[in-house]
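# What the coordinates show
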Protein chains: 2
Amino acid sequence: MRVGLLGFGTVGSHFYELVRGRQDVQVKTVLSRRPRTGVDARVTANVQDILQDPEIGIVVEVMGGLHPAYEYVCAAMRAGKHVVTANKLLMCDKYGELVSLAASCGVCLRCTAAVGGGIPWLTSLAGAAQVDTLTAVEGILNGTTNYILSAMTRRGIGFSEALQEAQALGYAEADPAADVDGLDARRKLSLSADMAFGVILREEEVPCLGIGHITQGDIAAARDRGQVYKLVASAARREGRVSAYVCPALFAASTPEANLEGTGNLITLYGERLGRQSFLGAGAGGWPTGANVLRDCLAVNGGCESFYASAMVPQAVDNTAAEGKWLFRVNGAYTTKRESVAEAFSDYARCLKEDPCAFMAQMR
Amino acid sequence: MRVGLLGFGTVGSHFYELVRGRQDVQVKTVLSRRPRTGVDARVTANVQDILQDPEIGIVVEVMGGLHPAYEYVCAAMRAGKHVVTANKLLMCDKYGELVSLAASCGVCLRCTAAVGGGIPWLTSLAGAAQVDTLTAVEGILNGTTNYILSAMTRRGIGFSEALQEAQALGYAEADPAADVDGLDARRKLSLSADMAFGVILREEEVPCLGIGHITQGDIAAARDRGQVYKLVASAARREGRVSAYVCPALFAASTPEANLEGTGNLITLYGERLGRQSFLGAGAGGWPTGANVLRDCLAVNGGCESFYASAMVPQAVDNTAAEGKWLFRVNGAYTTKRESVAEAFSDYARCLKEDPCAFMAQMR
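What you are looking at is a predicted structure, and each value in this text was computed from that prediction instead of being measured. (Residues numbered from 1 in each chain as written. Chains lettered and ligands numbered in written order. Predicted model: local features only at pLDDT ≥ 70, side-chain atom pairs only at ≥ 80, totals over all residues. Heavy atoms only, no water.)

### With respect to the overall build of chain A
Condition: In DSSP terms, a helix is any run of H or I states spanning at least four residues, a strand is any run of E spanning at least two, and both are numbered starting from the N terminus. In this treatment the radius of gyration is a C-alpha quantity, and the globule benchmark scales as 2.2 Å times the residue count to the 0.38 power. Classification of residues uses two cut-offs on accessible area relative to the type maximum, computed with a 1.4 Å probe and protein chains only: under 20% is buried, over 50% is exposed, and between them is partly exposed. Throughout, a residue-residue contact means that at least one pair of heavy atoms, one from each residue, lies within 4.5 Å.
A tally of regular secondary structure across chain A gives 13 helices and 16 strands. Here the C-alpha radius of gyration of chain A, 21 Å, is about what a compact globule of 364 residues would show, namely 21 Å. If one aligns the C-alpha atoms of chain A with their principal axes, the spans along those axes are about 65 × 45 × 35 Å. For chain A, the residues scored as buried account for 59% of the 364 residues in total. Taking contacts inside chain A between residues at least 6 apart in sequence as the whole, the part at least 24 apart equals 68%.

What follows is the structure, given as structure tokens:
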């Protein structure tokens, strides 16, 4: 199968290297504004050279961003080409539209690399959803915040220092807000929940609290209780309601979550019959992510002609019935409370008016 | 797709329940010596009713044992039927022959449920092997021994008591030797290594030490050092050599392995580019295992027409270059030594002559 590759950044260039020398998947044309040396494929700045090439069967979109990725992906499917993308922003924002378009065009649409880097998470999730009723998906979905929290916990450094370190190592963006505020994790959670439950969630309905307010004092106090902070994204379905939120959470030091180091991801599904299944691995990086893109191309080669899931019913996020136990820090004093996710986030909004540095975490 | 179901024990009956009411996969005929009530399918004691039925596209073999499962599976493939099996003994013993036969018959052969119960381990492993060079596979592959070791570690009970408990709960067989001596784990390791490295290992060449010699004293001494015993099966490929062994191992209390409770499995692959990926879940049980059998049937439905791997070169196990650090207990005294896996198992054989209760573990 010949591939048209849209984008030649970290993921694109690693995907290209992985494919080089293969017979089953070959990159024929690369879309790049800049000329690329050492690339054994046609390099063009005109996307039509890919969209109108009948030899190209798969379009791999690793440009990132919503536009023009969205327009290119739609045009590729309308031209009868299968699409593989690593773009979680695109998949999350245009989920229903893209899945419908793939179905009506009779092409395969895959996005395994959009969640969990190199972990075969979305494929495993989709497989589980086909044979079982899934009740929850959750996990540590953002490697940057896990790196920061691990560094703060293991080495006792402060948030700013840990963030600077993550940026120096290339883990965090120059503008780290999407990671630190939990928006990246929320996006990956929405996409996972959509596939797990056959729904379409609106990302912006998912309440989201990042790690920006965690202090060294919080972490030390948790350590004294044998607990560790992690940023967790969680979605569950119960009696037709779907709850979803992103929030720091306290884990006992003996749990797999508490011991996840560096930029790793740990993602878990719960099925009525499968029970708990967890998946650990590198949540980012050119090689792992490129490998998942390649795996999607091989699935297309193997005859895959559809999206992972077919059901998708728009569903409002409803956190009123999902209970939890919560830790609040307001003006330096800790209190705990058992209440619904919706109530906890409301309480926290009130706390912030009293103390702009207030902090909340779920107690697992 | 119509299914012929060979066997109606734990896995077979749970698979049947999972499939009931589905349109995409339907059980048409069940092979069972006994009549079965409440089964909405033809029940026969004559396997020819399945093998000669042109409507049946998939034969699901969950009888267990080598014979007549082997003969039935071969006959099914020769009759042009796809085969899904959960039978690790069969797959391990006849690996090369069955994979070749599937290829020559042009049918799909799948056995995901043979390793890791409901965990999508073999599918993930095969997917990883298609896009990366794998360097190692290892893990806690036997739920019964994990239950016994967890009970001994967490609750301080002795080996015999823990084993009796496992038997009473239905986790351990009346004859627990295959679990306790590590033979079940070795079989699952061989199958995993075959797929990971594109080889055929001879199971009996893999040195294997079970958990029968671990005492409460060993476990308490480890606890004092912040360590936990687990039974680990490990295979690695380096410079063309494949090492493989099964042995108790000591893990730091903070590792995911140390914190795996009950009958869980935790299986890990290492790839040159993917890094470490781990998979956790229920390693046994009718529902999870039946779900993986169903997933294999859906893969056949989705157009899968081959085995997971195509390469398979017979390869001798070579443990002379794989180094480790080992703990020996002989006549009540502990010593440690850094040496190859081959040397450690030789040393242990000598220790056993001196002290029939001698114990060895790898220090991770």
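### Comments concerning helix α5 (residues 95-105) of chain A
Along α5(A), the residues that are buried comprise A:Tyr95, A:Gly96, A:Leu98, A:Val99, A:Leu101 and A:Ala102. In the core, the buried residues of α5(A) are packed alongside α3 (69-78), α4 (88-93), β6 (109-110), α10 (183-197) and β8 (199-200) of chain A.

### A word on the packing of aromatic side chains
Working definition: an aromatic ring pair is given by the centre-to-centre distance plus the angle between the planes. Put simply, the rule reads: Pairing of aromatic side chains here covers Phe, Tyr and the six-membered ring of Trp, requires ring centres within 6.5 Å, and sorts the geometry by plane angle: under 30 degrees stacked, over 60 edge-to-face, intermediate tilted. Placement of a positive charge over a ring is assigned whenever Lys NZ or Arg CZ falls within 6 Å of the ring centre and within 35 degrees of the normal to the ring plane.
What the rule picks out here adds up to 19 aromatic pairs over all chains. Among the aromatic residues, those joined into a ring-pair cluster are A:Trp121, A:Phe279, B:Trp121 and B:Phe279. Above the plane of the ring of B:Tyr70 lies B:Lys94, whose end atom (NZ or CZ) is 4.5 Å from the centre.

### Observations regarding the confidence of the model for chain A
Convention followed: Confidence of the predictor at the level of single residues is given by pLDDT, which spans 0 to 100.
Mean pLDDT for chain A: 95, with 100% of residues reaching 70 or above. Overall fold confidence (pTM) sits at 0.95, and the ipTM for the predicted complex is 0.94.

### Focus on the packing of helix α1 (residues 10-19) of chain A against helix α12 (residues 286-301) of chain A
Residue and element names in this part refer to chain A. The condition is simple: Axis angles are defined between N-to-C directions and span 0 to 180 degrees, where every axis is a line fitted to C-alpha atoms and, for a helix, only to the segment in contact. Any angle from 65 to 115 degrees is called roughly perpendicular, while one under 35 is roughly parallel, one over 145 is roughly antiparallel, and all others are oblique. Two helices cross in a left-handed way if the nearer one is turned anticlockwise from the farther one by less than a right angle. They cross in a right-handed way if the turn is clockwise. Under the grouping applied here, Gly and all other residues not named as nonpolar or charged are polar, the nonpolar ones being Ala, Val, Leu, Ile, Met, Phe, Trp, Tyr, Cys and Pro and the charged ones Asp, Glu, Lys and Arg.
The geometry of α1 relative to α12 is characterised by a closest axis approach of 8 Å and an angle of 60° between their N-to-C directions. Classed by the angle they form, the pair α1 and α12 counts as oblique. For the element pair α1 and α12, the recorded crossing hand is right-handed. Within the contact between the two elements, α1 uses Thr 10, Val 11, His 14, Phe 15, Glu 17, Leu 18 and Val 19 and α12 uses Gly 286, Trp 287, Thr 289, Gly 290, Ala 291, Val 293, Leu 294 and Cys 297. Here the contact of α1 with α12 is built from residues that sort into nine nonpolar, five polar and one charged.

### Considering the pattern of salt bridges
Residues and elements named next belong to chain A. Note the cut-off: Just to be clear on terms, a salt bridge is a Lys or Arg side-chain nitrogen sitting within 4 Å of an Asp or Glu carboxyl oxygen.
Here the structure, examined in full by the defined rule, presents 44 salt bridges over all chains. The closest approach of N and O atoms between Glu 204 and Arg 202, which form a salt bridge, is 2.8 Å. The exposure class of Arg 202 is partly exposed, given its relative accessible area of 48%. Between Glu 339 and Lys 337 there is a salt bridge, and its shortest N-O distance comes to 3.7 Å.

### Thoughts on the interface of chain A and chain B
Using the following cut-off: Joining two parts hides part of their accessible area as seen by a 1.4 Å probe, and the buried area is that hidden amount summed over both. Contacts described as polar in this section are N or O atom pairs within 3.5 Å, which, within protein, must combine one atom able to donate a hydrogen with one able to accept it, while residues neighboring in sequence count only if both atoms come from side chains. Here a strand pair is declared whenever DSSP counts at least two bridges between the two strands.
At the interface, 28 residues of chain A touch 28 residues of chain B. Of the roughly 2,600 Å² buried between chain A and chain B on both sides combined, carbon and sulfur atoms contribute 57%. Of all residues in chain A, A:Val131, A:Arg273 and A:Leu280 bury the most surface against chain B, accounting for 24% of the area lost on that side. Counting across the interface, chain A meets chain B through zero salt bridges. In this assembly, chain A and chain B are joined by eight residue pairs in polar contact (both at pLDDT 80 or more). When residues of the side of chain A that touches chain B are traced back to their parent elements, those giving at least two are α6 (121-131), β12 (275-282) and α12 of chain A. Among the elements that line the side of chain A that touches chain B, the one with the most residues is β12(A), at seven residues. Partitioned by chemical class, the residues of the side of chain A that touches chain B number 15 nonpolar, nine polar and four charged. Where β12(A) meets strand β12 (residues 275-282) of chain B, three bridges bridge the pair, whose relative direction is antiparallel. For A:Ser278, the partnering residue across the bridge sits in β12(B) and is B:Leu280.

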